[in-house]
Amino acid sequence: MSGTLAKTDPCTFGPSRAARELGLKRGEFGLAVNLGLVRTTPDEGGGGRRVTRAELDRLRAADGFPDGLRERVSTTGTQEGAALMEIAPTRFTTLARFGLLVPVSFYLNRYRAVVWLYLTEELRQFTAEASNARLLSGRLPAEIREGLKAGLDRRPRNWRGRHSGFLLRQAGDDPWARAAAVAALLDPADVAEVVQDPAERARLDRFRPRLPGHGTSGSPAAELVQRLTTATDPDEVAWFRADLAHTLEAARGEGPAPHPLPEPTPCTLPTPSTPTAPSTLPTPRTLPAPPTPPAPRMLPIPRTLPAPPTVPAPPEDPKPTGLLTRLRRRGRRSARST
């Protein structure tokens, strides 16, 4: 069953409203979408997945609604699953670590311990299968015992393989979204080796689906979840890398990733000390330099300077004559006679 509708109904609902309409908890609704039980359509505004009114009506019209839908998304942990299968919790964990029981989701408890969850319906089917009777009672096969002694734990890898199918279902027919779904479970260094074009990596990041997260970035809880959601086994990494290369080739066939335009060169004004002329103007003609004026002619300096010319002394005033002189003489004779 496809997880994406071909056409977009104008009347759609977000996950919270759709979960209430179907009588499911938010986690149950998300699992129903992952399993393909509830078909969604992309939000044209980029707000995630939405559910149309027609899809809600289809689910409500099904036989046994809402108990039938709720039962199909029911999950159990180790203790409840062991009780359902009528085996010891240690045997249940052994079967899950060996990969015979595949988890569908997980969460971290308050002690940062990983709690794996399994579909209740799948546990019932495993128990009812006649070929699994020898695994539920008696001595386990030697292969399982040896794997347990070696520390084998396939639960994270099985979850990644299953979740990869969920992401591809939600990606629909969009080739770039499908490539991003595969890249989401690889280490960024592995993605960079397969996708060497920065523009293509940027486009994959834009379509990258959201993976389960716990705690703030860089916290111990977030680092633990990062290890669980990233492929680590060499053969698993090789398989995801090959799948990424294949889906990327299909995406390139639909059209190359847009490359960013080069940044414009900033306009800078020339400094006054070094003016520059525009390249479009003709080069000005070079004028000839003005002639150098001749140096002034200097007279030779004589070795001995000539003596300055003698200025003649002014002539002495002649003796005064005339009326004034005779009057003065009379005055002096009169003075002597008295």
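**Student:** Teacher, can you tell me more about the confidence of the model for the protein chain here?
**Tutor:** Note: predicted coordinates in regions of low pLDDT should not be interpreted at a detailed level. Overall, the prediction assigns the protein chain a mean pLDDT of 82, with 71% of residues at 70 or greater. Confidence, read as mean pLDDT per element, is least for helix 16 (residues 323-337) in the protein chain (61) and greatest for strand 6 (residues 114-119) (98). Between residues 4-8, whose pLDDT stays under 50, and residues either more than four places distant or in other chains, the model counts 13 contacts. Counting contacts from residues 275-279, a segment whose pLDDT is below 50, to residues more than four positions away or on other chains yields 1 contact.

**Student:** Please clarify how the pairing of strand 3 (residues 49-52) should be interpreted in this entry.
**Tutor:** It is a general feature of regular strands that their side chains alternate between the two faces of the sheet. The sheet contact formed by strand 1 (residues 12-13) and strand 3 spans 2 bridges and is antiparallel. Counted as the bridge partner of T12 is T52 from strand 3. Inspection of the sheet shows strand 2 (residues 41-42) paired to strand 3 by 2 bridges, in the antiparallel sense. Paired with P42 across the strands is R49, a residue of strand 3.

**Student:** Would you take a moment to explain the environment of R17 for this structure?
**Tutor:** For R17, the location among the structural elements is in helix 1 (residues 15-22). For R17, a relative accessible area of 35% translates into the label partly exposed. Remark: the alpha-carbon pair of R17 and V51, spanning 34 residues in sequence, is separated by 9.2 Å. Among the polar contacts made by the side chain of R17, one reaches the side chain of E21 at a distance of 2.9 Å.

**Student:** Help me out: how do you make sense of the sheet that holds strand 5 (residues 105-108) in this one?
**Tutor:** As a general point, the strands of a sheet are linked pairwise by backbone hydrogen bonds and lie either parallel or antiparallel. Ordered by their spatial adjacency, 3 strands build an open sheet running 4-6-5, and the pairing between neighbours is antiparallel. Strands with a single pairing partner mark the edges of an open sheet, and in this sheet they are strand 4 (75-76) and strand 5.

**Student:** What exactly am I supposed to notice about the pattern of salt bridges here?
**Tutor:** In the structure shown here, the tally under the stated rule is 17 salt bridges. Between R124 and E71 there is a salt bridge, with the nearest N and O atoms lying 2.7 Å from each other. Residue R124 is located in helix 7 (residues 120-128), and its partner E71 is located in helix 4 (residues 67-72); the two are separated by 53 residues in the primary sequence. With relative accessibility at 40%, the residue R124 sits in the partly exposed group. A salt bridge links R162 to E122; its shortest N-O distance comes to 2.2 Å. Here R162 is found in helix 10 (residues 155-171), whereas its partner E122 is found in helix 7, with 40 residues between them in sequence. Three or more residues joined by partner-sharing salt bridges are found here, namely R17, E21, D57 and R60.

Reading guide: rules and limits
- Residues numbered from 1 in each chain as written.
- Predicted model: local features only at pLDDT ≥ 70, side-chain atom pairs only at ≥ 80, totals over all residues.
- Heavy atoms only, no water.
- pLDDT = per-residue confidence, 0-100.
- Helix = DSSP H or I, 4+ residues; strand = E, 2+ residues; numbered from the N terminus.
- Contact = heavy atoms within 4.5 Å.
- Pairing = 2+ DSSP bridges.
- Buried < 20%, exposed > 50% of the residue type's maximum accessible area, 1.4 Å probe, protein only.
- Polar contact = N/O pair within 3.5 Å; in protein donor to acceptor, adjacent residues only side chain to side chain.
- Salt bridge = Lys/Arg side-chain N within 4 Å of Asp/Glu carboxyl O.

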